[in-house]
Amino acid sequence: MTKPIDSSEHAAHEARRLGVIYGLAAYLCWGFFPVYFKSVKIVPPLEMVSHRIVWSLAFLLLLITWKRAWRSMLELLVLPKSLAVLFATTLLIATNWLVFIYAISVGEVLQSSLGYFINPLVSVLLGFVFLRERLERAQWISLALAVAGVLYLAIEYGSVPWIALALALSFGLYGLIRKALHVEPLVGLTVETLLLAPIALYYLFHLNQTGAGIFLAHSTRLDLLIPMSGIVTAIPLLLFAAAAKKLRLATIGFLQYITPTMHFLLAITIFGETFTHTHLVSFLFIWSGLALYSWHAYRSVRRPQIQ
């Protein structure tokens, strides 16, 4: 017999549904990032990060104007505690950008995929420790399968995969702090980029003065591609911030497997990186965990509709 759903249950279900849509869109965008950054790999990582900050800010300010959100942004700028939190998230996301661009530039897309495979585990752990999010038995089993896959891959590297660890920790902490801060995603991201923009602008100006900069000094193709970094950067971050407000960190954690899977496939099919037996075993462990978690999540969503 079907039981009617009250308004609060319906609202919660809609929030979860929208959260999943936003999350999927964000991780699909991030999944194609190596293609874009391979196309601009001649630009040194620090210069590219600076361009990402500056052009992201320009794009976000246009959105702020369109959404008429200047008042909200100005109100946030006079709140010391919120600014301190956003400064911390700014440093975390800038670190993540720099390490990722470095990984692409040196041909370590497989290690970046490892980092984003580890990242969901970090998100789940942070949600369990700091937000007291409970995991059911099926979720623990799926987590154990994912841990087994990631550990197997990490051990077979034969050395500490610092790129992977830096990517996982920086973005895991970014997601935790942004979830705890009650700020509208567009306004929060704009303030984050605004905080680093002066440093980025100064660095780009210095490169221009010394003749070391790539922008406007190399090719028309790059002069067109580099400003696109603002749109490429801002859109998935806005989608992620919206998803983080509507979903548990455990759910966000397992959605994040989309991005490293795409990086992994790009690395072995497009970029010519070596696909080994180690990668195959790890991949199977991780996707077994994801399949179990997805099945459990589907049953959890359907359960309230059935008496």
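This structure is a prediction, so every number in the text was calculated from the model and none was measured.

Colleague: Go over the overall build of the protein chain, please, and point to the residues and values.
Modeller: Scanning the protein chain from terminus to terminus reveals 14 helices and zero strands. Along the protein chain, helices and strands appear, N-terminal first, in the series α-α-α-α-α-α-α-α-α-α-α-α-α-α. Here the C-alpha radius of gyration of the protein chain, 20 Å, is about what a compact globule of 307 residues would show, namely 19 Å. Considered along the principal axes of its C-alpha atoms, the protein chain spans approximately 70 × 55 × 30 Å. Buried residues in the protein chain amount to 48% of all 307 residues. For the protein chain, the proportion of contacts with a sequence separation of at least 24, taken over those separated by at least 6, is 88%. When the accessible surface of the protein chain is summed, it comes to about 15,400 Å², and 69% of that surface belongs to carbon and sulfur atoms. The average position of the 22 basic charges and that of the 13 acidic charges among the side chains of the protein chain differ by 7 Å.

Colleague: Lay out the nonpolar core in plain terms, naming residues and giving numbers.
Modeller: By size, the foremost hydrophobic cluster in this structure holds 66 residues, and its most contacted members are Trp30, Phe37, Val40, Tyr174, Leu237 and Phe240. With 10 residues, helix α5 (residues 80-105) is the largest single contributor of residues to this core. Sequence-distant contacts of Val40, that is, excluding residues within four places in its chain, are made with Met48, Leu222 and Leu225. With 20 residues, the next largest nonpolar core counts Phe117, Leu121, Val124 and Tyr257 among its residues.

Colleague: Go over the environment of Arg52 with me, naming the residues and quoting the values.
Modeller: Within the fold, Arg52 resides in helix α3 (residues 45-66). Taking relative accessible area as the criterion, Arg52 reaches 2% and is therefore assigned buried. C-alpha of Arg52 to C-alpha of Gly230: the two residues are 178 residues apart in sequence and 5.4 Å apart in space. Beyond its immediate chain neighbours, meaning those up to four positions away, Arg52 contacts Phe33, Phe37, Trp97, Ile101, Ser229 and Thr233.

Colleague: Any chance you could break down the environment of Leu121 for me, citing the residues and the numbers?
Modeller: Relative to the helices and strands, Leu121 is located in helix α6 (residues 109-130). Counting along the chain gives 47 residues from Leu121 to Ala168, while the straight-line C-alpha distance between them is 8.7 Å. Apart from the residues within four sequence positions on either side, Leu121 is in contact with Leu143, Ala146, Val147, Val150 and Tyr257.

Colleague: Can you tell me about the UniProt feature "domain: EamA" (unreviewed entry) in the protein chain, naming the residues and giving the values?
Modeller: If you check UniProt for "domain: EamA" (unreviewed entry), the listed places come out as residues 18-153 in our numbering. The span residues 18-153 is 85% helix and 0% strand, and its two end C-alpha atoms sit 33 Å from each other.

Colleague: I'd like a description of the packing of aromatic side chains, backed by residues and values.
Modeller: Applying the stated criterion across every chain yields a total of 15 aromatic pairs. Relative to Trp30, the ring of Tyr27 lies with its centre 5.5 Å away and its plane at 50°, an arrangement referred to as tilted. One end of the pair, Tyr27, and the other, Trp30, are both in helix α1 (residues 7-31), three residues apart, so they sit about a helical turn from each other. Accessibility classification places Tyr27 together with Trp30 in one group, the buried group. Counting every residue linked through ring pairs, the aromatic cluster contains Tyr27, Trp30, Phe171, Tyr174 and Phe240. The aromatic ring of Phe271 is capped on one face by Lys38, whose charged end is 5.0 Å from the ring centroid.

Colleague: Pulling in residues and values, what's your account of helix α9 (residues 185-210)?
Modeller: Over its 26 residues, α9 extends 37 Å from the first C-alpha to the last, a length consistent with the 38 Å expected when each residue adds 1.5 Å. Of all the bends in α9, the greatest reaches close to 45° and is centred on Ala197; the proline Pro198 follows between one and four positions later. The opening residue of α9, the one whose side-chain oxygen lies 3.0 Å from the backbone nitrogen of Leu186, is Glu184.

Colleague: Describe helix α8 (residues 162-180), and please don't skip the residues or the numbers.
Modeller: With 19 residues, α8 should reach 27 Å at 1.5 Å per residue; the first-to-last C-alpha distance of 27 Å fits that figure. Buried within α8 we find Ile163, Ala164, Leu167, Ala168, Ser170, Phe171, Gly172, Tyr174, Gly175, Leu176, Arg178 and Lys179.

Parameters at a glance
- Residues numbered from 1 in each chain as written.
- Predicted model: local features only at pLDDT ≥ 70, side-chain atom pairs only at ≥ 80, totals over all residues.
- Heavy atoms only, no water.
- Helix = DSSP H or I, 4+ residues; strand = E, 2+ residues; numbered from the N terminus.
- Rg over C-alpha atoms; globule rule 2.2 N^0.38 Å.
- Buried < 20%, exposed > 50% of the residue type's maximum accessible area, 1.4 Å probe, protein only.
- Contact = heavy atoms within 4.5 Å.
- Areas by Shrake-Rupley, 256 points an atom, 1.4 Å probe, with all protein chains shown as cover.
- Lys, Arg positive; Asp, Glu negative; His and termini not counted.
- Charge placed at Lys NZ, Arg CZ, Asp CG, Glu CD.
- Core = buried A, V, L, I, M, F, W, Y, C linked by side-chain atoms within 4.5 Å.
- UniProt positions renumbered as here; feature names shortened; annotations may be inferred.
- Phe/Tyr/Trp six-rings, centres within 6.5 Å; stacked < 30°, edge-to-face > 60°.
- Lys NZ or Arg CZ within 6 Å of the ring centre and 35° of its normal.
- Expected span 1.5 Å × (residues − 1).
- Bend = angle between axes of the 7 residues up to and from the residue.
- Polar contact = N/O pair within 3.5 Å; in protein donor to acceptor, adjacent residues only side chain to side chain.

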